[in-house]
Structure formats: structure tokens, C-alpha cells
Amino acid sequence: MTAGAVDLCMDAKNLAELYDIDTLAWQPVAARLAAGVSQAPGTGGPDRHTWWIATINPDGSPHVTGIGALWHRDALWLETGPSTWKARNLARDPRCTLSVALDDADLVVDGHARRITEPDVVAELAELWASDGWPCRVDESGIALTADFSAPSAGPPPWHVYRVAPRRATVLQTVEPGGATLFEFDER
């Protein structure tokens, strides 16, 4: 399967029927994600794109923080250090929500984060992040990442890689003709 391949089985519910607006299609959203969502200044609105992840704290309250994420092989991928709040929350409860404002739509994706420990997959993601401008590499363990720098919210290296397969996604189209659709994906 190639990056951004779309063969997900899903149900789509039109959330904008009240306004006689058609159900949105998932394929254009996946294609937009596969093209990349840069966090570099000047690449999105208001000045760049930021992915946000919400995890669940031990007391049940939400924890939200900005992250870098990639869409690859029909899933979102992120990395973080084991001492961060998000990593500790995901170790206890893998449910999470990721969101981003794209040029033409707002996207919210619910799923379960799974830590990836397969060396070939970790290496594949390191290559993708490096080609996207973050010069990371696989560390000596073979199952985590290191680099000369990362976002302060990622904590110190090593950084573990996580895959979030979408369970639900809500797309709110912010350009004409508009629309809002809830997608429910099969368990994978």
C-alpha cells in the first residue's frame, strides 16, 4: 500500500443535510493529508498548520497539546518521548483525538494510538519525517528515534513512534459549497 492509499471501509453520515448540502467524500481528505501538512511558517492558516492531540489524563480530564503528525498508509503517525504527558496517557489509555485546520476543511480524527516497535516501520517513518524537514534517525535500539532537535513538547530522546488508525473522523468543509460529514471506519 502506498502513502495515502485509500481503501478504508467506512460509513458516512451527512451532518449538513439540514442545509441540503451533499455528503462529503473521504478520498479528497485522505489525498490532502497524503500531500503533507506542513508546520513551517507561511504554509497554512493563520500562518501554518498545527496538529493537536487530545489524550485522557488519569483523572479523566483532557490533555491537549500540539504535535507533528503524518498521514501514511491510511493512518496518522506521531512521535513523542516516554516521559511526556501524552505518552504516559496513551500507555494507560490509547484513546485519542487528533485535529487540524486544513486550507479547505477542519478535520477531527478519533482513534487508538499503538506504539510501534517494528524496526523496519520505525525506519520507514524516520525517512518520511526526514524528507519532510525534520532530520531524525533511528536510534541504537532500532525501535525509537533520535535527532539533534525536536519540539520541546516531545521531551528528550528517545522518541517512540505511534500509529493512530482512524475509528471516526469529522470533516467540516470551510469553502463553498461547505458540508460536514462524520466517517465511521471499520476496526483495523
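Residues numbered from 1 in each chain as written. Predicted model: local features only at pLDDT ≥ 70, side-chain atom pairs only at ≥ 80, totals over all residues. Heavy atoms only, no water.

Caption draft 1: Region of interest: the pairing of strand β6 (residues 95–101). Side chains of β6 alternate between two faces, with Cys96, Leu98 and Val100 buried and Arg95, Thr97, Ser99 and Ala101 left unburied. Where strand β2 (residues 51–56) lies against β6, 3 bridges are found, and the strand directions are antiparallel. Of the residues in β6, the one forming a bridge with Ala54 is Thr97. Here 7 bridges tie β6 to strand β7 (residues 105–116), and the two strands are oriented antiparallel to one another. Bridge pairing links Arg95 to His112 in β7. Count of turn residues in the β6/β7 antiparallel hairpin: 3 residues. (Buried < 20%, exposed > 50% of the residue type's maximum accessible area, 1.4 Å probe, protein only. Helix = DSSP H or I, 4+ residues; strand = E, 2+ residues; numbered from the N terminus. Pairing = 2+ DSSP bridges.)

Caption draft 2: Summary view of the nonpolar core. In terms of nonpolar packing, the biggest core is built from 29 residues, with Trp26, Leu33, Trp51, Leu98, Leu107 and Val171 touching the most fellow members. The set of elements that each furnish at least two residues to this core consists of α1 (26–34), β2, β5 (75–80), α2 (85–92), β6, β7, β10 (160–173) and β11 (179–185). Not counting chain neighbours up to four residues away, the residues in contact with Leu107 comprise Trp26, Val29, Leu33, Trp51, Leu98, Ser99, Val100, Ala169, Thr170 and Val171. One finds Leu70, Val122, Trp129 and Ala154 within the second-largest nonpolar core, a separate group that totals 16 residues. (Core = buried A, V, L, I, M, F, W, Y, C linked by side-chain atoms within 4.5 Å. Contact = heavy atoms within 4.5 Å.)

Caption draft 3: Examining the environment of Gly111 more closely. In this fold, Gly111 is placed in strand β7. Along the backbone, Gly111 and Leu98 are 13 residues apart, and their C-alpha atoms lie at a distance of 8.3 Å. If we ignore the near neighbours within four places in the chain, the residues touching Gly111 are Pro94, Arg95, Cys96, Val164, Ala165 and Arg167.

That's the geometry; what it means functionally is another story.
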